[in-house]
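In case you want the letters, here they are:
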Amino acid sequence: MTPLSRRNSLKIGLAALTTAATAGTTTSASAQTHTTATKTPFKVEQVFIPIAGSQDMFPVRRIYCIGRNYAAHAREMGSDPTREPPFFFQKPTDAIQYVAPDKVVDHPYPSLTKNYHYEVELVAALKSGGKNISIETALDHVYGYALGLDMTRRDLQRALGDQKKPWEIGKSFDHSAPIGPIYRVQALKNFSKETISLSVNGVIKQQATLDQMIWSVAEQIAKLSEANELFAGDIIYSGTPENVGPVVKGDVILCKLDQLPDLSIKIV
Ligand code: MN
């Protein structure tokens with residue numbers, strides 16, 4: 001192939017890609033959105049979360065997490081809860097570890113850490129999205145809720161933060177997002193002052209009520225949609241109460257939230 005014909009074929013290839021991306025969807029911001037007709041050299045698994053009371057599975061698009069959303073937890077992490085706007089980070093979709101309600105699921109102690117922390121959190125799952133969503137309409141986008149854990153390599157998160165490096169691997173790693181089934185909003189009363197708690201080996205470690213969140217789920221959705229267009233399949237971990245702490249191999253974590261079934265993992 002001559003350099004010229006090679007350049008032309010590249011152009012054609014790019015044109016074809018552009019056409020495919022345009023034809024593929026008008027709603028997604030992603031040029032990589034696949035249609036059923038897309039041919040790929042290998043398969044990449046879609047991540048799903050079971051939906052309670054349904055044979056359907058919830059397809060996960062992105063995992064957003066909000067940081068420091070309970071005042072006492074913000075203080076224990078060394079920040080002022082009265083001044084800081086909400087901040088967000090993401091975990092990779094395949095960090096999801098599904099935890100069936102009636103089981104104690106083995107959860108592998110991750111590599112690289114000597115200070116592995118739990119954070120129990122309410123998780124909102126979206127059925128639709130948009131940009132610049134208003135607080136008033138934000139909850140219309142919620143498909144359902146689940147109970148989840150934002151597992152954290154605290155030593156790495158802190159050390160990297162101290163060095164002004166991204167604390168990505170402190171938060172975003174394999175199995176770092178255990179979660180129970182998603183309960184559709186129709187099956188729930190509106191969350192207000194429900195108690196969320198976490199115990200380790202039968203001893204209560206974290207306990208709060210959902211009205212202690214600094215930013216409500218509606219406010220989180222509104223704020224997040226200013227930064228990114230949100231889509232169906234996005235889930236949002238809404239932050240953890242105070243008293244985060246470490247676990248070691250053999251420990252059993254039990255999470256509770258009124259209206260949802262318990263979630264339990266054993267660190268192995
Ligand atoms: Mn968290």
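A. Expanded view of the overall build of the chain. The secondary structure content of the chain amounts to 6 helices and 18 strands. Scored against the burial criterion, the 268 residues of the chain give a buried share of 32%. Long-range pairs, those at least 24 residues apart, make up 73% of the contacts in the chain with a sequence separation of at least 6.

B. Looking closely at helix H6 (residues 217-227). For H6, the complete set of buried residues consists of Val217, Gln220, Ile221, Ala222 and Leu224. On its buried face, H6 sits against strand S3 (63-67), strand S4 (87-91), strand S8 (120-126), helix H3 (135-138) and strand S15 (235-237).

C. Focus on the nonpolar core. Among the nonpolar cores identified, the biggest contains 54 residues, and Val123, Ala125, Tyr145, Ala146 and Ile236 are the most heavily contacted of them. Per-element accounting of this core gives the leading share, 6 residues, to S8.

D. Representation of the sheet that holds strand S17 (residues 252-257). Read across the sheet, 5 strands follow the order S6-S18-S17-S13-S14 without closing on themselves; strand pairing throughout is mixed. Across the chains shown, the open sheet's two edge strands, defined by having one partner strand only, are strand S6 (104-107) and strand S14 (203-209). Each strand axis lies, on average, 20° off the axis of its neighbour in the sheet, ignoring direction. Across 5 bridges, strand S13 (residues 195-200) lies against S17 in antiparallel orientation. Counted as the bridge partner of Leu198 is Cys255 from S17.

E. Highlighting the pairing of S13. Looking at chain direction, S13 and S14 are connected through 6 bridges and run antiparallel. From the neighbouring strand, Ile196 faces S14, where its bridge partner is Ala208. The turn joining S13 and S14, which pair antiparallel and follow one another in sequence, is formed by 2 residues; a positive phi near 50° is taken by Asn201.

F. Local environment of the sheet that holds strand S10 (residues 152-153). Spatial ordering of the open sheet is given by S10-S7-S16, a layout of 3 strands whose pairing is antiparallel. In this open sheet, the two strands that pair with only one neighbour each are S10 and strand S16 (245-247). In this sheet, S16 lies alongside strand S7 (residues 116-118) in antiparallel orientation, the contact comprising 3 bridges. Across the sheet, the residue bridging to His117 is Pro246, located in S16.

G. Broad picture of unusual backbone geometry. In the Ramachandran plot, Asn132 falls in the positive-phi region, its phi being about 50° despite a non-glycine side chain. Structurally, Asn132 can be placed in the loop between S8 and H3. Taking the number of C-beta atoms within 10 Å as the measure of exposure, Asn132 has 8 and is therefore exposed. For Asn243, which is not glycine, the phi dihedral falls at a positive 70°. With respect to the secondary-structure elements, Asn243 resides in the loop between S15 and S16.

H. Fine view of the environment of Lys223. Its place among the elements puts Lys223 in helix H6. C-alpha of Lys223 to C-alpha of Lys131: the two residues are 92 residues apart in sequence and 9.6 Å apart in space. If we ignore the near neighbours within four places in the chain, the residues touching Lys223 are Pro86 and Trp215.

I. Geometry of the environment of Ile267. Position of Ile267 relative to the elements: it lies in strand S18 (residues 260-267). Overall, the presence of 20 C-beta atoms within 10 Å leaves Ile267 in the buried class. In this structure, the C-alpha to C-alpha distance between Ile267 and His107, residues 160 residues apart in sequence, is 4.9 Å.

J. Representation of the pairing of S18. Here S6 pairs with S18 via 4 bridges, running parallel. Within S18, the position partnered with Asp106 by the bridge is Lys266. Bridging between S17 and S18 involves 5 bridges; their strand directions are antiparallel. Residue pairing in the sheet places Cys255 in a bridge with Leu263 of S18. Between the end of S17 and the start of S18, which pair antiparallel, lie 2 residues, with Gln259 showing a positive phi angle near 85°.

Criteria and thresholds
- Residues numbered from 1 in each chain as written.
- Predicted model: local features only at pLDDT ≥ 70, side-chain atom pairs only at ≥ 80, totals over all residues.
- Helix = DSSP H or I, 4+ residues; strand = E, 2+ residues; numbered from the N terminus.
- Buried ≥ 20, exposed ≤ 12 C-beta atoms within 10 Å, placed from the backbone.
- Contact = placed C-beta atoms within 7 Å.
- Core = buried A, V, L, I, M, F, W, Y, C linked by C-beta atoms within 7 Å.
- Pairing = 2+ DSSP bridges.
- Axes fitted to C-alpha atoms, helices over the stretch in contact; angles between N-to-C directions.

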